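# Observations on the three-dimensional arrangement
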Amino acid sequence: MSGHHHNERIPPVLIAGCFALIAVGFAAAGYGRLTGAAVPEPLTVQSSVSLRFEDVANGGVRAVDPTTGEEVRAYGPGEGGFLRIALRSLASKRIARGGGAEAPFDLIRTPEGLLALHDPVTGDRLALNAFGDDNEGVFAELLELAEARRSS
């Protein structure tokens, strides 16, 4: 058995630095809430469609036009992985705030080309461009299909 021990004290300056970093984070979050700096800017809308998403008994998901009830696109089990993740992210916030699944989401394209999924119930929105071309493309296709259905 070795009698060799290491001094395992954390340097006080490191502890103080960690507390300072935490304090700055809380101060920034508080500032954002008090001043409204954390609130996203309104989007200028070039095109927009409202869609309701429904779970299907076989494990799929349907995108539905909320005014007509017509299916815009169906995703079978194992399809539309990013779509499911994006919707779950917004839906969990909606449910936590007391909202239900029946209200549609708005799919918005701006003149600058930003594609966003907006929850009118909570005001939350997801900038879909941030997740890569393939993932954004899933929602771009939905926007095009819904617009084509609306104009026919």
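Presented here is a report on the structure given in the accompanying data block. (Residues numbered from 1 in each chain as written. Predicted model: local features only at pLDDT ≥ 70, side-chain atom pairs only at ≥ 80, totals over all residues. Heavy atoms only, no water.)

## So, the layout of surface pockets
Regions of empty space are outlined by a rolling probe, equal in size to a water molecule, passed over the atoms. Estimated volume of the largest pocket: approximately 360 Å³. Every residue lining the largest pocket is counted, 14 residues in all, and those nearest its centre are Phe53, Asp55, Leu87, Ala91 and Ala101. Secondary-structure elements contributing two or more residues to the lining of the largest pocket are strand E1 (47-55) and helix H2 (81-96). Here the lining of the largest pocket takes 6 residues from H2, the largest share from any one element. (1 Å grid on protein atoms, 1.4 Å probe; cavity = no way out; pocket = protein on both sides within 12 Å on 5 of 7 lines; lining within 4 Å. Points joined across faces, edges and corners; volume = space filled by probe spheres on them. Helix = DSSP H or I, 4+ residues; strand = E, 2+ residues; numbered from the N terminus.)

## Some details on the environment of Glu70
Counting through the fold element by element, Glu70 comes out in the loop between strand E2 (61-64) and strand E3 (71-75). The partly exposed category is assigned to Glu70, whose relative accessible area is 39%. Not counting residues up to four positions away in its chain, the partners in contact with Glu70 are Ala63, Val64, Asp65 and Arg149. (Buried < 20%, exposed > 50% of the residue type's maximum accessible area, 1.4 Å probe, protein only. Contact = heavy atoms within 4.5 Å.)

## Here's the deal with the side chain of Ser47
Looking at the secondary structure, you find Ser47 in strand E1. Under the relative-accessibility criterion, Ser47 is labelled buried at 14%. Ser47 has contacts with Leu107, Ile108, Arg109, Leu143 and Glu147, leaving out every residue within four places of it along the chain.

## Looking at H2
Owing to its 3.6 residues per turn, the α-helix brings residues three or four apart onto one side. Taking 1.5 Å of rise per residue, 16 residues should cover 22 Å, and H2 covers 22 Å from first to last C-alpha, within 8% of that figure. Within the span of H2, buried status applies to Phe82, Leu83, Arg84, Ala86, Leu87, Leu90 and Arg94. At the C-terminal side of H2, Gly98 shows a positive phi close to 90°. (Expected span 1.5 Å × (residues − 1).)

## A word on helix H3 (residues 133-151)
Taking 1.5 Å per residue, 19 residues should reach 27 Å; H3 reaches 26 Å between its end C-alpha atoms and fits that length. Buried within H3 are the following residues: Glu136, Phe139, Ala140, Leu142, Leu143 and Ala146. Lining the buried residues of H3 we find E1, E2, E3, H2, strand E4 (105-109) and strand E5 (115-118).

## Section: the pattern of salt bridges
For the structure shown, the criterion picks out 7 salt bridges. The salt bridge partner of Glu54 is Arg52, with a shortest N-O separation of 2.9 Å. Glu54 gets classed as partly exposed once you look at its relative accessible area, which sits at 24%. Given the relative accessible area of 19%, Arg52 is considered buried. Among the ionic pairs, Glu71 bridges to Arg62, the shortest N-O distance being 3.1 Å. Each of Arg52, Glu54, Arg62 and Glu71 takes part in one network of salt bridges that share partners. (Salt bridge = Lys/Arg side-chain N within 4 Å of Asp/Glu carboxyl O.)

## Brief notes about the sheet that holds E4
Within the open sheet, the 6 strands sit side by side as E3-E2-E1-E4-E5-E6. Their pairing is antiparallel. The sheet is open, and its two borders are formed by E3 and strand E6 (125-127), each paired with just one other strand. Averaged over neighbouring strand pairs, the angle between their axes works out to 25° when direction is ignored. Against the sheet, H3 contacts E1, E2, E3, E4 and E5, and its axis sits at roughly 105° relative to E1. (Pairing = 2+ DSSP bridges. Axes fitted to C-alpha atoms, helices over the stretch in contact; angles between N-to-C directions.)

These results come straight from atomic positions and should not be treated as a statement about function.
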